[in-house]
Amino acid sequence: MSCQSCSTSDGSAPKGCKNNGTCGTDSCNKLTVFDWLGNMNLPNGETPFDCVEVRFKNGRKEFYRNTEKLTLSIGDIVATEASPGHDIGIVTLTGELVKIQMKKKGANPSGSEIAKVYRKASQKDIDIWSASRDKEEPMKVRAREIAIALKLEMKLSDIEFQGDGSKAIFYYTANDRVDFRQLIKDFAKEFSTRIEMKQVGFRQEASRLGGIGSCGRELCCSTWLTDFRSVNTSAARYQQLSLNPQKLAGQCGKLKCCLNYELDTYLDALKDFPDFETKLYTEKGDAVCQKQDIFKGLMWFAYTDNFANWHVLKIEQVREIVAENKLKKRVSSLEDYAVEISQEPVVDFNNAMGQESLTRFDQPKKKKNKNRNRPKPSNPNPARNNNRNENKK
């Protein structure tokens, strides 16, 4: 059941099925791990690792033990152990890399609590699985209506049916504890199936639903990010970003995970900087820091009685002034240490290809005066006009 259009063509060049991460057989799906040990043989006498990684709806992955010694490869649809009944998923990883993934996620490779793989899914299993998946969207609409009627402070974000259709898992988010005992009774009566409620965080909800971020790319949490670390506003302060909640918050309503990506680089650069609260004492007056340029090593200072006039100093000069202040000495003024910053030349891109301007539609067109631009009629026969003038005389 693997994706045939993703196989390599002649010359070992990948074809690609161009499904952009929505391939049903998981050969190019989100959070897919590349099996870089797939073309390597095990040493003599070594038995392959008997656990596989199986993906379910929206990137949910679990590890299962292949006790039946089935020949499984990436993309195979299998029936796995569930409580109760069985579930249907897609194999995403086999071999020794599964052991590495289990250790990364804190699972014990030799533990006895790992569930089993029953068999490869038959056509009947796949039909039941597909029919159950088709029920999820209309059921979600009706479930939200019931939750609103009961006036519960919760949000139903997604529904996932078990592979055999015997149980439905309702994922929801809530700020406080929710008493959904009556809700489960209404759901069981309405949908005639076993109900399980599972609360998820706002970041997990965004990763399940997916979307496009402000950068124009797919959300990191729904494509490759698996561990959600806490993000503080101090990360934005260290990077000198504006503390605007609308710009710093992602689709989950929390601070963006990408604020942590470059934080270590900024912290390393700030080790050589004096403290932002450093005051400089001069004979002309006291000065406080207004701005920092971390990667150029510059600091802007202004006198307390004239905040409009800023002076640029290098961090070495700031340390020199601080050292003088520690000796109870005042320097003459900041102007003696100020650095002149040269203006960077403005790059003017010439239109070498003869293309029209992109702003040609921004300004309205001026109306032309028809009478002013109308040409005067020419005289087709000047000799006739001369005769008329002579007759008048």
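For the structure itself, look to the data block above.
Report follows, based on the coordinates.

Criteria and cut-off values
Residues numbered from 1 in each chain as written. Predicted model: local features only at pLDDT ≥ 70, side-chain atom pairs only at ≥ 80, totals over all residues. Heavy atoms only, no water. Helix = DSSP H or I, 4+ residues; strand = E, 2+ residues; numbered from the N terminus. Buried < 20%, exposed > 50% of the residue type's maximum accessible area, 1.4 Å probe, protein only. Contact = heavy atoms within 4.5 Å. Expected span 1.5 Å × (residues − 1). Arc of directions from axis to C-beta. Phe/Tyr/Trp six-rings, centres within 6.5 Å; stacked < 30°, edge-to-face > 60°. Patch = residues over 30% accessible without salt bridge, like charges linked within 9 Å, V, L, I, M, F, W, Y side chains within 5 Å. Areas by Shrake-Rupley, 256 points an atom, 1.4 Å probe, with all protein chains shown as cover. Salt bridge = Lys/Arg side-chain N within 4 Å of Asp/Glu carboxyl O. Core = buried A, V, L, I, M, F, W, Y, C linked by side-chain atoms within 4.5 Å. Pairing = 2+ DSSP bridges. Axes fitted to C-alpha atoms, helices over the stretch in contact; angles between N-to-C directions.

### Regarding the overall build of the chain
Thinking step 1. If you tally the helices and strands in the chain, you get eleven helices and twelve strands.
Thinking step 2. Out of the 393 residues in the chain, the part that is buried amounts to 33%.
Thinking step 3. For the chain, restricting intrachain contacts to residue pairs at least 6 apart in sequence, the fraction spanning at least 24 positions comes to 58%.

### A closer look at helix α9 (residues 315–326)
Thinking step 1. For α9, built from twelve residues, the straight-helix expectation of 16 Å at 1.5 Å per residue is met to within 8% by its first-to-last C-alpha distance of 16 Å.
Thinking step 2. Taken residue by residue, α9 has I315, Q317, V318, I321 and N325 as its buried positions. Burial along α9 is one-sided: seen end-on, the buried residues are contained in an arc of 155°.
Thinking step 3. Of the surrounding secondary structure, the elements contacted by the buried residues of α9 are β9 (279–281), β11 (298–303) and β12 (306–314).
Thinking step 4. Where α9 terminates, the next one or two residues include K328, which has phi positive at roughly 65°.

### Topic: helix α3 (residues 136–149)
Thinking step 1. In this model, α3 (14 residues) spans 20 Å end to end at C-alpha, consistent with the 20 Å of a helix rising 1.5 Å per residue.
Thinking step 2. Listed in full, the buried residues belonging to α3 are E136, M139, K140, A143, I146 and A147. Buried residues of α3, viewed axially, fall in a sector of 125°; they line one side. In α3, those exposed residues whose orientation departs by more than 90 degrees from the buried face are P138, I148 and A149.

### Some details on the packing of aromatic side chains
Thinking step 1. Tallied over the full model, the rule gives seven aromatic pairs.
Thinking step 2. Plain terms: the ring middles of F56 and Y64 are 6.1 Å apart, the flat faces sit at 70° to each other, and that makes the pair edge-to-face.
Thinking step 3. Take F56: its relative accessible area is 5%, and that puts it in the buried class.
Thinking step 4. By relative accessible area, Y64 is classed as buried at 7%.
Thinking step 5. Their ring planes at 45° and their centres at 5.7 Å tell us that F187 and F191 sit as a pair that is tilted. Separated by four residues within a single helix, F187 and F191 lie in helix α4 (residues 181–191), roughly one turn from each other.
Thinking step 6. Judged by relative accessible area, F187 falls into the buried class, the value being 0%.
Thinking step 7. A relative accessible area of 15% places F191 in the buried class.
Thinking step 8. By way of ring pairs, the aromatic residues F170, F187 and F191 are connected into one cluster.

### Things to note about a nonpolar patch on the surface
Thinking step 1. Residues F34, W36 and I100 make up a contiguous nonpolar surface patch of about 400 Å² in total accessible area.
Thinking step 2. Here F34 lies in the segment before β1 (51–55).

### Side note on the nonpolar core
Thinking step 1. Judged by nonpolar contacts, the single largest core of 19 residues is most densely connected at M154, L156, F170, L183, F187 and M197.
Thinking step 2. Breaking this core down by element, the ones donating at least two residues are α3, β6 (155–161), β7 (167–173), α4 and β8 (194–199).
Thinking step 3. Top element by residues in this core is α3. It accounts for four residues.
Thinking step 4. Excluding residues that lie within four positions of it along the chain, L156 makes contacts with A143, R144, A147, F170, Y171, Y172, F187 and M197.
Thinking step 5. F273, V318, L334 and Y337 belong to the second largest nonpolar core, which has 16 residues in total.

### Digging into the pattern of salt bridges
Thinking step 1. Summed over the entire model, instances satisfying the criterion amount to 24 salt bridges.
Thinking step 2. Measuring nitrogen to oxygen at the nearest pair gives 3.4 Å for the salt bridge that ties E190 to R142. Of this pair, E190 sits in helix α4 while R142 is found in helix α3, placing the two residues 48 residues apart along the sequence.
Thinking step 3. Residues K155 and E205 are paired through a salt bridge, measuring 3.2 Å at the closest nitrogen-oxygen approach. A residue pair is termed long-range when its members are at least 10 positions apart, and K155 in strand β6 and E205 in helix α5 (residues 202–209) qualify at 50 residues.
Thinking step 4. Judged by its relative accessible area of 45%, K155 falls in the partly exposed class.
Thinking step 5. One salt-bridge network, in which partners are shared between bridges, spans K57, R60, E62, D87, R133, E136, E137, K140, D158, E160 and R208.

### Quick word on the environment of L270
Thinking step 1. Within the element layout of this structure, L270 appears in helix α8 (residues 263–270).
Thinking step 2. Remark: the alpha-carbon pair of L270 and D293, spanning 23 residues in sequence, is separated by 10.0 Å.
Thinking step 3. Discounting residues that sit within four places of it in the chain, L270 has contacts with Y238, Q292 and I294.

### Examining the sheet that holds β12
The strands making up a sheet associate through hydrogen bonds between their backbones, and the pairing can be parallel or antiparallel.
Thinking step 1. With antiparallel pairing, the four strands of this open sheet are ordered in space as β9-β10-β11-β12. Two strands bound the open sheet, and with one partner strand each, they are β9 and β12. On average, each strand axis in the sheet is tilted by 35° relative to the strand beside it, whichever way the strands run.
Thinking step 2. α9 contacts β9, β11 and β12 of the sheet and is inclined by roughly 105° relative to β12.

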